[in-house]
Amino acid sequence: MNRTASLERSFSQADFDAFAHVSGDNNPIHVDPEFSARTRFGQTVAHGALLCAVLRGLVEELVPGGRQIRQATQYSAPSPVDQRLRFDAEMVAENGSVARIRLQVMRLSDMVITCSGETEVEA
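The residue numbering used here restarts from 1 in each chain and proceeds along that chain's sequence as written. Only residues with pLDDT of 70 or above have their local features reported here, since the model is predicted, and side-chain atom pairs are shown and tallied only from 80 upward, although totals for entire chains, interfaces and linings are computed over all residues. Only hydrogens and water are set aside when side-chain values are computed; all heavy atoms of the structure are taken into account.

(A) Quick look at the packing of aromatic side chains. Ring pairs are drawn from Phe, Tyr and Trp, using the six-membered ring of Trp, whenever the two centres fall within 6.5 Å, and their geometry is named by plane angle: stacked under 30 degrees, edge-to-face over 60, tilted for the rest. In the structure shown here, the tally under the stated rule is two aromatic pairs. Judged by centre distance (6.3 Å) and plane angle (35°), the ring pair of phenylalanine 11 and phenylalanine 16 falls under tilted. Think of it in three bands: with a 1.4 Å probe and only protein chains considered, a residue is buried below 20% of the maximum accessible area for its type, exposed above 50%, and partly exposed in between. Judged by its relative accessible area of 0%, phenylalanine 16 is buried. When the centroid spacing of 6.2 Å and the interplanar angle of 90° are considered together, the rings of phenylalanine 11 and phenylalanine 87 count as edge-to-face. Note that phenylalanine 11 is positioned in the loop between strand E1 (4–9) and helix H1 (13–23) and phenylalanine 87 in strand E3 (residues 85–95), a separation of 76 residues in sequence. Judged on exposure class, the residue phenylalanine 11 and its partner phenylalanine 87 are both buried. Chaining the aromatic ring pairs together yields one cluster made of Phe11, Phe16 and Phe87. For helices the rule is a DSSP run of H or I covering at least 4 residues; for strands it is a run of E covering at least 2, with both sets numbered from the N terminus onward.

(B) Structural context of the sheet that holds strand E5 (residues 112–122). With respect to topology, five strands assemble into an open sheet ordered E1-E3-E4-E5-E2, the strand pairing being antiparallel. On the outer flanks of this sheet lie E1 and strand E2 (67–74), each paired with one strand and no other. The sheet shows a mean angle of 15° between the axes of neighbouring strands, direction not considered. Any two residues having at least one pair of non-hydrogen atoms within 4.5 Å are treated as being in contact. Only the stretch in contact is used when fitting a helix axis, every axis being a line fitted to C-alpha atoms; angles between N-to-C directions are given from 0 to 180 degrees. Helix-sheet contacts for helix H4 (residues 48–62) involve E1, E2, E3, strand E4 (98–107) and E5, and the interaxial angle to E3 is about 45°. Only strands that DSSP links by at least two bridges are regarded as paired with each other.

As structure tokens, then:
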């Protein structure tokens, strides 16, 4: 069983718009570039749930078919449109059939952590 999984990717405005359409989260900070340009972020930023969906895919690599029983994430910085991000999942503990996995998203342009947390998955 793998203990770590990672990938790098960026999201376009079309990605944010598609996620907003599917999720119903049309907050202008995600979907309105003109509005977002006037905010402290200066541009649109990723939905937290979009970041978590990518992280969930990495968790699946570590515990195939696992059932997520808990997740806690924090968003300490924005993940802007068209910025390269690194997604990491690392298994940090196993207790019987439950694995505890550390989650992290980092902006590669300045190495700032934008999302961090943990999840527990039952095999």
